[in-house]
Amino acid sequence: MAELELEVVAEIRRIAADELEWKGVVEPQHDLVRDLQLDSLGLTVLAVGLENRFRIRLSEEDAQGVRTVSDLAKLVVRRVASTARPPTEVRS
Amino acid sequence: MHSASGQDSSAPFIRSVGRALPPHYASQEQLIAAFRELWAKRHFNLERLEDLHRNVQVGGRYLALPIDAYPALVTFQQRNDAWIREATALGEVVVRQALERAALTPEDVDHVFFVTVTGIATPSIEARLANRLRFREDFKRTPIFGLGCVAGAAGMARAADYLRAFPTHTALVLSAELCSLTLQREDLSIPNIIASGLFGDGAACAVLRGADAPGAKGPRVVASRSVFYPDSERIMGWDVVDSGFKVVLSAKVPQLVKDHIQRNVDGFLATQGLKRGDIRHWVAHTGGPKVLESFEEALELPKDALARSWASLREVGNLSSASVLFVLGETLEQVAAKPGEYGLMMAMGPGFCAEMVLLRW
């Protein structure tokens with residue numbers, strides 16, 4: 001797992017423990033809803049926490065196909081990469 | 001149909017409901033603008049937070065203080081002192097209004113049930129009102145703190161219980177909720193941001209009279225039922241912190257409604273020989289859009305059954321315990337209910353719990 005992805009998983013663990021009162025373990029293969037028992041508010045808290053930590057924006061469309069902790073971590077890594085990319089000059 | 005309890009001659013009457021909102025109106029967009037700078041201290045995606053505020057479908061709120069007075073409120077004492085002052089002032093308005101509508105005076109009041117969850121006072125607010133309104137020296141007081149949103153319905157139920165024991169008496173159920181004064185501005189958690197978009201300020205007072213009180217008329221409180229949901233303490237409530245009341249709010253509330261309310265309502269109505277179809281007037285606490293949708297879905301309510309609750313939510317937000325009394329007051333004044341028709345008040349609150357109050361016109 002790439003370094004940034006590990007960092008995202010660590011941040012998900014922190015948010016779950018500190019802000020969502022989750023007392024169990026958090027593993028990459030865990031299903032966000034089934035295993036971590038996140039409801040709509042919990043998912044929002046998680047998304048906002050990741051947006052703040054990694055200075056990105058996540059959208060409803062982004063959430064399609066995100067089921068596990070690992071899916072979410074990969075999405076954040078992709079968003080960080082696309083956000084950090086320097087603007088390319090548009091030539092006509 | 002008529003149940004045995006529907007014809008119960010000891011059932012107390014609801015005579016009137018007074019309602020008042022504080023004078024400082026702020027639209028949801030004005031509130032969002034005021035909050036943006038605060039949110040930016042911690043949050044990156046402010047559009048997401050704005051959407052959370054808009055999704056609660058509240059058009060605006062009436063605030064106890066002018067919007068620019070809130071940043072100066074930092075300590076619990078500052079917030080609570082403002083709460084005592086404004087809750088007493090608004091309480092006086094609604095008690096006077098309710099008594100006038102019932103053609104009664106403060107001298108006629110035997111018992112005041114005062115409910116709130118947004119501030120604390122000793123002596124409690126109804127005692128302070130006694131000095132302004134001159135209730136009799138033998139009037140009884142029951143201040144109730146901590147029931148939260150359920151307290152409007154629960155207060156009506158407890159007042160009705162009392163009036164069955166003292167059927168010539170008159171009781172007030174007074175609710176004063178100034179949710180804006182509980183707001184922890186530095187709490188930038190998502191539950192607090194949602195709460196700051198949903199909850200508003202207001203006060204309401206219902207006048208109830210026992211079955212043998214002179215001139216008793218209006219819908220009767222036929223029966224009530226409390227429901228406690230075990231092991232749900234963190235669904236809703238306060239964490240009491242140095243700066244005041246920090247909100248505990250779970251997104252599980254709508255699901256709890258969906259899971260339980262049909263069984264609770266059907267079970268309660270069955271004890272009165274009634275079915276859901278017998279209820280003509282639904283008086284639901286305006287918990288939020290998802291809570292109202294859950295009521296509609298779980299109880300399979302006809303379209304517009306909760307129209308007054310939806311309108312109240314849009315116009316003034318969730319007023320905690322005062323909300324269901326606002327909807328009750330609007331029902332009494334706007335609906336030409338026929339004798340024999342039934343109504344059901346419903347509210348839920350911290351515990352987690354629910355209260356149902358069966359009315360019969």
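See above for the structure.
Let me begin by describing the structure that accompanies this report. Along every chain, residues carry numbers that run from 1 in the direction the sequence is written. Written order determines the labels here, with chains lettered from A and ligands numbered from 1. This being a predicted model, a pLDDT of at least 70 is required before a residue's local features are given, and a value of 80 or more before pairs of side-chain atoms are given or counted; all residues contribute to the totals for chains, interfaces and linings. Calculated side-chain values reflect all of the structure's heavy atoms, with hydrogen atoms and water omitted.

Re the overall build of chain A
Going along the chain from the N terminus, every DSSP run of H or I of four or more residues is numbered as a helix, and every run of E of two or more is numbered as a strand. From N to C terminus, chain A includes four helices and zero strands. In chain A, the succession of α and β elements from N to C terminus is α-α-α-α. Exposure classes here rest on a 1.4 Å probe applied to the protein chains alone. A residue is buried below 20% of its type maximum, exposed above 50%, and partly exposed in between. When burial is assessed residue by residue, chain A has 41% of its 92 residues classed as buried. It only takes one pair of heavy atoms within 4.5 Å for two residues to be counted as in contact. Here the analysis covers contacts within chain A between residues at least 6 apart in sequence; of these, 60% occur between residues at least 24 apart. Areas reported here follow the Shrake-Rupley algorithm with a probe of radius 1.4 Å; residue values treat only the protein chains shown as occluding. Counting only carbon and sulfur atoms, one obtains 52% of the accessible surface of chain A, whose full area is about 5700 Å².

A short note on the pairing of strand E4 (residues 111-116) of chain B
All names here are of chain B. A large share of E4 lies buried, amounting to six of its six residues. Burial of E4 is two-sided: the residues His 111, Phe 113 and Val 115 facing one way and the residues Val 112, Phe 114 and Thr 116 facing the other way are all buried. Whether a crossover is right-handed comes down to one check: with the strands pointing away from the viewer, does the path from the first strand over the helix to the second run clockwise; if it does, it is right-handed. Tracing the backbone out of E4, into helix H4 (residues 125-133) and back to the parallel element strand E5 (residues 140-145) gives a crossover that is right-handed.

Things to note about the interface of chain A and chain B
Between chain A and chain B, the contact holds 15 residues from the first and 17 residues from the second. The term buried area means the drop in 1.4 Å probe accessible area that two parts suffer when joined, counted for both and summed. Between chain A and chain B, a total of about 1400 Å² is buried, with carbon and sulfur atoms accounting for 51% of that surface. Considering only the side of chain A, the residues that lose the most area to chain B are Leu 41, Asn 52 and Arg 57 of chain A, jointly responsible for 36% of the buried surface there. For this document, the term salt bridge refers to a Lys or Arg side-chain nitrogen within 4 Å of an Asp or Glu carboxyl oxygen. Here chain A is connected to chain B by five salt bridges. Among the ionic pairs, Asp 39 of chain A bridges to Lys 252 of chain B, the shortest N-O distance being 3.7 Å. Contacts described as polar in this section are N or O atom pairs within 3.5 Å, which, within protein, must combine one atom able to donate a hydrogen with one able to accept it, while residues neighboring in sequence count only if both atoms come from side chains. Connecting chain A to chain B are nine residue pairs in polar contact (both at pLDDT 80 or more).

Observations regarding the layout of surface pockets
Volume-wise, the second largest pocket comes out at about 850 Å³. Surrounding the second largest pocket, 32 residues form its lining, Glu 19, Leu 20 and Glu 21 of chain A together with Arg 234 and Leu 249 of chain B being those nearest its centre. Secondary structure elements with two or more residues in the lining of the second largest pocket: helix H2 (40-54) of chain A together with helix H6 (190-198) and strand E10 (244-249) of chain B. Per element, the largest residue contribution to the lining of the second largest pocket is four residues, and it comes from E10 of chain B. Here the nonpolar group is Ala, Val, Leu, Ile, Met, Phe, Trp, Tyr, Cys and Pro; Asp, Glu, Lys and Arg are the charged ones; every other residue, Gly included, is treated as polar. Of the residues belonging to the lining of the second largest pocket, the class tally is 14 nonpolar, five polar and 13 charged. Using a grid of 1 Å spacing that covers the protein atoms alone, one calls a set of points a cavity when a 1.4 Å probe fits there but cannot get out, and a pocket when the set is open and has protein on both sides within 12 Å along at least five of seven lines; lining residues are those with an atom within 4 Å of a point. Grid points are joined across faces, edges and corners, and a volume is the space filled by probe spheres set on the points.

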